[in-house]
Amino acid sequence: MSRIGLKPITIPAGVDVNVNGTTVTVKGPNGTLSMDAHPNMTVSIEGSEVIVSRPNDDKENRSLHGLTRTLIHNMVVGVTEGFKKNLEVNGVGYRVQMQGNKLVMNLGFSHQVTMEAPQGIKVECPSANAIVISGADKQMVGQFAAQVREKRPPEPYKGKGIKYAEEHIRRKEGKAGKK
């Protein structure tokens, strides 16, 4: 039995949730998000709460129940508070900066790596070795942060590269010298 799926989603003030068949649209101060729920799931609005229910206890329906509820909850949180990912750039000569809507990174290659922020994502560089990615859509924020990190993932010997701020890099010992 899905314990997450049974929890109702409270709609905060200033947020408008519409259900049209299987399409759920959430409007708030940070924008508008919409999603198509699985046809087996029933999404309804009762007062100031969103209720997700399932037709029976089949394994697939139990899985989709919690997933659908969590996706709708993430949309509500996204349009009110938003989501944020912090990345750190470690390495001698490694630095990042914003040029308009483009993130320009010097990562030890012979060329600069340039990435354009997708629509709905805000990228900031508070310092030369920090990147803050924020937006209303949790999936898009996480995906763009992963794409930035992919340009130079942290290596285990010196820890150089781009890593999440809360990430811990397991370090390895270098070569052992001759005795």
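Bringing the pairing of strand β10 (residues 113-116) into the picture now. Judged by which residues are buried, β10 turns out to be one-sided: Val-113 and Met-115 face inward and are buried, whereas Thr-114 and Glu-116, on the alternate face, are not. In this structure, strand β9 (residues 102-106) lies alongside β10, joined through four bridges in antiparallel fashion. Looking at β10, one finds that Val-104 is bridged to Thr-114. In textbook terms, the turn of a hairpin is the stretch between consecutive antiparallel strands, and for β9 and β10 this stretch comprises six residues, one of which, Gly-108, has a positive phi near 85°.

One pass over the structure, following the stated rule, counts four salt bridges. Put simply, Lys-122 and Glu-124 hold a salt bridge, and the shortest N to O gap is 3.1 Å. Two residues, Arg-149 and Glu-167, come together in a salt bridge whose shortest N-O distance is 2.7 Å. Here Arg-149, found in helix α3 (residues 138-150), pairs with Glu-167, found in the segment after β13 (161-164); they are 18 residues apart in sequence, far enough to count as distant. With a relative accessible area of 22%, Arg-149 lands in the partly exposed category. When its relative accessible area of 22% is taken as the criterion, Glu-167 is described as partly exposed.

Moving on to the packing of aromatic side chains. Applying the stated rule across the entire model yields zero aromatic pairs. Lying over the aromatic face of Phe-109, Arg-152 brings its terminal NZ or CZ to 4.3 Å of the ring centre.

What follows is about the sheet that holds β9. Taken in spatial order, the three strands make up an open sheet running β8-β9-β10, and their pairing is antiparallel. Only two strands of the sheet have a single neighbouring strand rather than two, namely β8 (95-99) and β10. The average undirected angle you get between the axes of adjacent strands in this sheet is 20°. Against the sheet, α3 engages β9 and β10, with an angle of about 170° to β10.

As a further point, take the side chain of Asn-74. Tracing the chain through its elements places Asn-74 in helix α2 (residues 59-80). Contact partners of Asn-74, with chain neighbours within four places excluded, come to Phe-83 and Lys-138.

Right, let's get into the sheet that holds strand β2 (residues 16-20). The three strands lie next to each other as β2-β3-β4, forming an open sheet whose pairing is antiparallel. This sheet does not close on itself; its edge strands, each paired only once, are β2 and β4 (31-36). Recorded for the sheet is a direction-independent mean angle of 15° between the axes of neighbouring strands. The pairing of β2 with strand β3 (residues 23-28) spans five bridges and is classified as antiparallel. Its bridge partner being in β3, Val-17 is matched across the sheet by Val-26.

Reading the values: the criteria
- The residue count restarts for each chain, going from 1 along the sequence in the order it is written.
- Reporting in this predicted model follows two pLDDT cut-offs: at least 70 for local features of residues, and 80 or more for side-chain atom pairs to be given and counted; totals over whole chains, interfaces and linings ignore these cut-offs and use all residues.
- Remark: hydrogens and water are excluded; side-chain values derive from all non-hydrogen atoms of the structure.
- Exposure classes here rest on a 1.4 Å probe applied to the protein chains alone. A residue is buried below 20% of its type maximum, exposed above 50%, and partly exposed in between.
- Secondary structure is summarised from DSSP: a helix means a run of H or I of at least four residues, a strand means a run of E of at least two, and numbering begins at the N terminus for each.
- The rule for pairing is simple: two strands pair if DSSP sees at least two bridges between them.
- Should a side-chain nitrogen of Lys or Arg be within 4 Å of a carboxyl oxygen of Asp or Glu, the pair is scored as a salt bridge.
- Note on ring pairs: Phe, Tyr and Trp rings are taken, using the six-membered ring of Trp, and paired if centres are within 6.5 Å. Classes follow the plane angle, with under 30 degrees stacked, over 60 edge-to-face and the rest tilted.
- The criterion for a charge sitting over a ring is simple: Lys NZ or Arg CZ within 6 Å of the ring centre, and within 35 degrees of the ring normal.
- To get an axis, fit a line to the C-alpha atoms, keeping to the stretch in contact for a helix; angles then go from 0 to 180 degrees between the N-to-C directions.
- In this analysis, two residues are considered to be in contact whenever any of their non-hydrogen atoms come within 4.5 Å of each other.

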